[in-house]
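Fold and contact review
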Amino acid sequence: MSESIISVKNFSKSFGDNKVVTDLSFDVQKGEVFALLGANGSGKTTTIRCLLNILQPDSGALLIDGKKYDQSMASHVGYLPEERGLYTSEKVIDTMVYFGELKGMSANDAKKWSLEYLNKVGLHDKAKLKVKKLSSGQQQKIQLGITIINQPDLLILDEPTKGLDPVNRTLLMDMLLEMKEKGSTIIFITHQMEEVEKIANRLIMIQDGKRILYGAVDEVKAQFGEDRIHVQFRGVLPENDRLYSVANDTTNSASLILKEGITPKETLSYLAGTELKITKFEVAAPSLEEIFVMVSK
Amino acid sequence: MNTILKVAKKEYLKIVQKPSFWIMIVIVPVIYLGLAAVSGTSATQVEKKIAEEVKNIDNILIVDRSGIISKNMIVPPYFIADDIEIAKEQVRGGSADAAFYYPENILTEKVIQIYAPDTSLISRDRFNAVAVEMLKQNILMEIKDPARIALFSSDIKLEKTLYKNGVAVDQRFEVFIIPIVSILVYFVMVMFSSGFMLSSVSEEKENRMIETILSIVKPRQLIWGKLVGLTGVSLTSLFALGVLMTGIVVASTNIFPITIDWSAVDVTFGQILLSVFYTIGGFLFLSSIMVGVGAAMPKYRDAQQFSSVFIILSIIPIYFASFLLAEPSGVLSRIVSFTPFTAPLILIFRSSIGALTMWESILGVVVVTLYVMAGFYFAFKLFEVGSLEVNRKISFKYLIQKQKDK
């Protein structure tokens, strides 16, 4: 059995009369990518803030490596919050070195690592510029840089791809995978379900501060059954309330959700008997996005 | 290096590496010198212009109805005239430079009338002294003793001995050097640095840096680090200003021979200790207020506007300085010695002029310590509650509600 790096047990937090998180429990295993999912206001960020001792929980235990987080453990942790920014009037390299030093690195090591990182992300010529001279996407790369400068064992990212263009998003995802391969544990909060499907091992989904889904990505998807058919076609897809309902239909494709007791074989036989020309017929589990929408309703 | 020192180093370098910091340090004395130079030059120019005009005067008419002016005293460029109206006409026509009229009732009314062309704004009073001097010299003529006349015309020195509690008081101006320097040091330390503290806290909140930092640094480490760094900034600015001002004083005393009697600069070790304590206390207290304001306001501009209330409260004693100087141990002085915001400055001033009793000094230390503790208590509470509230102002009601939630 894998070793837990994070253990959250019976965690609750309220702001006044507003109960933000109620009796939440989950574990994160060492070396895995763990997705923390939920609609806006569901309690994800509050959970992370309490885990990192920025806010205090009302009850329950939030432990990292078996201990309550203390800022002296920052040398092993990287946190990229949703509300993030930089010292805009300072030079890029000075900002990065400062955070490196705060995380226990020597100034020389922090500078060396920063210059290598800037080179890697295509900002080698911006080291001595003031942060405010950088574009928003470039600033995001600097923010990620100061998050991972200490090459943390535990990386916590709150909406890391928010505001990134597709090129930079791919770059970020590749870097996360690289860190995962090096053995880092990654927790990330996101609304981009394709990212979760791409890199996450396990997930938790929170709604109104309560856990509604938890486990390995495949297991979670399996809970919703393989009752879905992705079909591509030419012609007009006939309606059939007895066999299926239609979701996400376009001119030439659709997702069909099968009615209870109906098999894919029956559906294929029916469609083959119509004038529809089927070019692709695929049985699949629902996507995380579909599950997210389904359980959030 | 521990975390507080890392934060302190960053805060210190962030400010002292800015050219604007050094420009400000140099600019203050330079502006002072510039204004003094402009003022001195313009005064000299005025004197020159008046002297030039006076040099060209060759016809002043004297109309005497008082009987005080002796005809023997009237020699060119002064001339006797009988009718003031004719004399006025001559002045208007430009044939006379001026006319002085000494009326019959001068003993009771004490008025001399002067008529002259208006040549410029700055030389409108060019005949005042001449007209009065003419009258005085004629009155002096009535005194027969030349020694008494000489005494009347000489600069009479005054030697005062003032007693306080039965002891003669040192009245040399040098005794005020320490109070003035203490107050200047207080202003540089407190006003300068507290502004930096506000911008430092507000910047991290407004730039959305604060959550990242709080995941690495404890709030108290962050604030103490800022305080240490900004104290370094204040000491650097004090040192630089001290060097500059010393240079200016040395240069000035070479140009204008002012001698300073340093034996009059009397300060005890206790006074120095108290001044240092009150200055640090004032700095910490106002800094705690700035931390609270910076944490409570979502934007630096809002924080700056709100903080000006506290700055005004701190410098308000300046507006009733005359009361404090007149009665440094009076009721008003005692009250403002122990009220928040005003206490450190007034205690420093009263201590440096020896107007603080031992009991008041001790009470001052206790009161300033309590204010600093209370200031930081609320500052930390506001910081805990407000630092992550990036879009809202934190009211006291909200702060209290948050404390109840804990």
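A few points on the structure. (Residues numbered from 1 in each chain as written. Chains lettered and ligands numbered in written order. Predicted model: local features only at pLDDT ≥ 70, side-chain atom pairs only at ≥ 80, totals over all residues.)

Quick notes on the interface of chain B and chain A
Basically, it comes down to this: Contact definition: two residues whose C-beta atoms, as placed from backbone geometry, lie within 7 Å. We count a stretch as a helix when DSSP gives it H or I for four or more residues in a row; a strand needs E for two or more, and each element gets its number in order from the N terminus. Note on residue classes: Ala, Val, Leu, Ile, Met, Phe, Trp, Tyr, Cys and Pro are nonpolar, Asp, Glu, Lys and Arg are charged, and everything else, Gly too, is polar.
At the junction of the two partners, chain B supplies 17 residues and chain A supplies 20 residues. Counting residues per element, the ones that place at least two in the side of chain B that touches chain A are helix 1 (3-16), helix 8 (210-214) and helix 16 (396-405) of chain B. A total of 4 residues in the side of chain B that touches chain A trace back to one element, the largest contributor, which is helix 1 of chain B. In terms of residue class, the side of chain B that touches chain A is built from 5 nonpolar, 5 polar and 7 charged.

Some words on the pairing of strand 11 (residues 228-234) of chain A
Residue and element names in this part refer to chain A. Using the following cut-off: Here the rule is simple: two strands pair whenever DSSP picks up at least two bridges between them.
Two elements, strand 11 and strand 13 (residues 253-258), share 5 bridges in a ladder whose sense is antiparallel. Among the inter-strand pairings, Val231 is bridged to a residue of strand 13, identified as Ala254. The pairing of strand 11 with strand 14 (residues 277-284) spans 7 bridges and is classified as antiparallel. Within the sheet, the bridge partner assigned to Arg228 lies in strand 14 and is Ala284.

A few points about the nonpolar core
To be explicit about the condition: For our purposes the nonpolar core covers buried Ala, Val, Leu, Ile, Met, Phe, Trp, Tyr and Cys residues that link as a set through C-beta atoms within 7 Å. Counts of 20 or more other C-beta atoms within 10 Å of a residue's own C-beta define buried residues, counts of 12 or fewer define exposed ones, and intermediate counts define partly exposed ones; C-beta atoms are placed from the backbone.
The biggest cluster of nonpolar side chains holds 115 residues, and the ones touching the most others in it are Phe34 and Leu203 of chain A. The greatest single-element share of this core, amounting to 12 residues, is contributed by helix 10 (residues 269-296) of chain B. Once you skip the residues sitting within four places of it in the chain, Leu203 of chain A turns out to touch Phe34, Ala35, Leu37, Val196, Leu213, Val217 and Val220 of chain A. Residues Ile60, Ala96, Ala99 and Met134 of chain B belong to the second largest nonpolar core, which totals 16 residues.

Details of the sheet that holds strand 4 (residues 59-64) of chain A
Residue and element names in this part refer to chain A. Heads up, the rule is: Note on definitions: angles span 0 to 180 degrees between N-to-C directions of axes, and those axes are lines fitted to C-alpha atoms, for helices only across the stretch in contact.
What the 4 strands build is an open sheet, ordered 2-1-4-5; its pairing is antiparallel. The open sheet has two free edges, formed respectively by strand 2 (18-29) and strand 5 (67-68), since each of these has just one partner strand. Pairing between strand 4 and strand 5: 2 bridges, direction antiparallel. The partner of Ile64 across the bridge, within strand 5, is Lys67. Sitting on the sheet, helix 1 (residues 44-51) touches strand 1 (4-15), strand 2 and strand 4, and the angle it makes with strand 1 is about 115 degrees.

Description of the sheet that holds strand 11 of chain A
Residue and element names in this part refer to chain A. Taken together, 4 strands build an open sheet; the order of strands is 12-13-11-14 and the sheet is antiparallel. In the strand order of this sheet, the two ends are held by strand 12 (244-247) and strand 14, each with one partner. Pairs of neighbouring strands in the sheet enclose a mean axial angle of 30 degrees, with direction left out of account. On the sheet, helix 8 (residues 264-272) packs against strand 11, strand 12, strand 13 and strand 14 and is oriented at approximately 170 degrees with respect to strand 14.

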